[in-house]
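# Observations on chain architecture
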Amino acid sequence: MAFDLLTQLGGDEPMAAVFSQERAVSDWLLVEAELGRALATAGVVDAATGERIAQACRLDVVDLPRLWAESANVGYPIFPLVRMICEALEDGDAAFVHYGATTQDIMDCALALQVRDAANRLLDLAGVVGDGLAALVEEHAGTVMAGRTHAQQAVPTTFGAKMAVFLGEMTRHRARLTRARDAVSVVSLFGAGGTSAALGAAADAVRSDLAARLGLADTVASWHVARDRIGELTQAAALAAATCVRLGREVVDLSRTEVGEIAEADGMYRGASSTMPQKANPISSELAVGFGVMAEANAQAVLRAIEAGHERAAGEWQVEWQAVPATLTAAAGALRAAATIAHGLRVFPERMQANLRADGGRLMAEAYMIALAASLGRDKAHELVYGAVRDSRSEGSSLRDAVRAKVGDVTWSTIAETLPEPSSYVGSARKICDAALTEWRA
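Calculation criteria
Residues numbered from 1 in each chain as written. Predicted model: local features only at pLDDT ≥ 70, side-chain atom pairs only at ≥ 80, totals over all residues. Heavy atoms only, no water. Axes fitted to C-alpha atoms, helices over the stretch in contact; angles between N-to-C directions. Helix = DSSP H or I, 4+ residues; strand = E, 2+ residues; numbered from the N terminus. Parallel < 35°, antiparallel > 145°, perpendicular 65-115°, else oblique. Left-handed = near helix turned anticlockwise from the far one by under 90°. Nonpolar A, V, L, I, M, F, W, Y, C, P; charged D, E, K, R; others polar. Disulfide = S-S within 2.5 Å. Buried < 20%, exposed > 50% of the residue type's maximum accessible area, 1.4 Å probe, protein only. Contact = heavy atoms within 4.5 Å. UniProt positions renumbered as here; feature names shortened; annotations may be inferred. Phe/Tyr/Trp six-rings, centres within 6.5 Å; stacked < 30°, edge-to-face > 60°. Polar contact = N/O pair within 3.5 Å; in protein donor to acceptor, adjacent residues only side chain to side chain.

Bringing the packing of helix H11 (residues 228-254) against helix H12 (residues 283-305) into the picture now. At their nearest, the axes of H11 and H12 sit 7 Å apart, and the two run at 155° to each other. In this view, H11 runs roughly antiparallel relative to H12, as classed from their interaxial angle. H12 is crossed by H11, and the crossing has left-handed handedness. A breakdown of the residues in the contact of H11 with H12 according to their chemical character gives 15 nonpolar, 7 polar and 2 charged.

Below, the structure written as structure tokens:
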């Protein structure tokens, strides 16, 4: 397997374990074992046979080099796996190994177990991210800063309100991941063409018992080519990763030398440059972007797998083998990086205050317009303030002085007290923070 530098530097080990070679083979064996027991429960085989089959489904009966060599020839791993299980049994028992199942049944049941655990890991990580964001929202609900649109100062906001938007996203991601996890945790035992013909009248009983043994939901219809549940989970994961990208980019932008309003956690040589001693690069934000972009890209590949035709895919399923683990492991890496950001972020309110004044107070233009609209009307107030903004820029004066010059001393004396300061022009910022915290904690 090719060396993956991104995963080496910031990958999530619990998620990697979910999609490891050992986990995959162990889960295939688990499904075959529980199928043997389910066949016995339904009366297809006697209890002793079912248990002997289950006991033979052990990792030590599998010759891994042989498994992969034979799988490359067959195209799938279950045929050689079943042969090895059969070799560990007497002929009478071996005759009922994999009975009524097809390769995709075994692999899809195992996949359901894997993606269920993967979703739980994403939920754990999303919880850590959200808790870190919630702490920032609570602490900085009243920390006034410049809100920015189109990368330019717009109107005042608070850092807490900014983080509340991220927290709201994470709340929704958690709900989506939960729904997708529950939807994808479904058994598969439908045989060659999806009709369970080989199991005959016992099909429903065997499948239901297998589902219960694996802790999966039962379903009557085959999902061999109905991959929307898998797509739903990977899309939910990619959406969560995309928010991590947005958080990372926000930190990169606001920690620029010229802005300097926040910074990632400090530490000796953290984000250091090999040649520029002054550097403290936003490395967690960069990881969030890198992993998030890869999650999004691989999630798009999963959508192509949904295009499979007839009763069994011809190549589309193989897309999943790489794209599903890649999406979920990358999403875990993005969330893990975002958690590091949220819990270690340093906020500099004094720099935020300085930046509020950096453009001559022109981010208060809307506030001045609204204050003047009471006597002039919004349209005339807009034109007056617009002219004052242009004058202030050309003259290098403050917006307040430029507006005063436009309206004259007499009018100024009547409106001066109505012109707000940035701290009193943050609208519903605190309510936004409170609502985000309530939804998250619910």
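Picking up after the structure, the text goes on.
Quick look at the state of the cysteines now. Across all of its chains, the model carries 0 disulfides by this definition. Considering cysteine sulfurs only, Cys 86 is the nearest to Cys 57, which forms no disulfide, with 9.0 Å between them. With no disulfide of its own, Cys 433 lies 20 Å from the sulfur of Cys 244, the closest cysteine sulfur.

This paragraph deals with the side chain of His 140. Here His 140 shows up in the loop between helix H8 (103-139) and strand S1 (144-149). Taking the relative accessible area as the measure of exposure, His 140 reaches 6% and is therefore buried. Residues within four places of His 140 in sequence aside, it is in contact with Thr 158, Phe 159, Gly 160 and Val 347.

UniProt feature "domain: Adenylosuccinate lyase C-terminal" (unreviewed entry): in the numbering of this structure it lies at residues 360-437. For residues 360-437, helix accounts for 72% and strand for 0%, while the C-alpha atoms at its two ends are 34 Å apart.

Okay, the packing of aromatic side chains next. Counting across every chain of the model gives 5 aromatic pairs. Between the aromatic rings of Tyr 76 and Trp 317, the centroid separation amounts to 5.8 Å while the plane-to-plane angle is 25°, which identifies the pairing as stacked. Of this pair, Tyr 76 sits in the loop between helix H5 (64-74) and helix H6 (78-87) while Trp 317 sits in helix H13 (residues 316-344); the two residues are 241 residues apart in sequence, bridging distant segments of the chain. Note on Tyr 76: relative accessible area 28%, which makes it partly exposed. Under the relative-accessibility criterion, Trp 317 is labelled buried at 7%.

Further remarks concern the side chain of Thr 143. With respect to the helices and strands, the residue Thr 143 is situated in the loop between H8 and S1. For Thr 143, a relative accessible area of 13% gives the class buried. A polar contact is formed between the side chain of Thr 143 and the side chain of His 140, at a distance of 2.9 Å. When sequence neighbours within four positions are dropped, the list of residues in contact with Thr 143 reads Thr 157, Thr 158, Phe 159, Pro 349 and Met 352.

Further remarks concern the packing of helix H3 (residues 21-41) against H6. Contact pair H3 / H6: the axes reach a minimum separation of 11 Å and the direction vectors enclose 60°. Considered as vectors, H3 and H6 are oriented oblique to each other. When the axes of H3 and H6 are compared, the crossing they make is right-handed. Where H3 approaches H6, its residues Val 25, Trp 28, Leu 29 and Glu 32 are matched on the opposing element by Ile 78, Leu 81, Val 82 and Ile 85. Grouping the amino acids of the contact of H3 with H6 by side-chain chemistry returns 7 nonpolar, no polar and 1 charged.

Here Leu 376 is to be found in helix H15 (residues 365-376). The exposure class assigned to Leu 376 is partly exposed, which follows from its relative accessible area of 35%. As for Leu 376 and Leu 233, which are separated by 143 residues in sequence, their C-alpha atoms are 54 Å apart. For Leu 376, the contacting residues outside a window of four places in its chain are Ala 381 and Leu 384.

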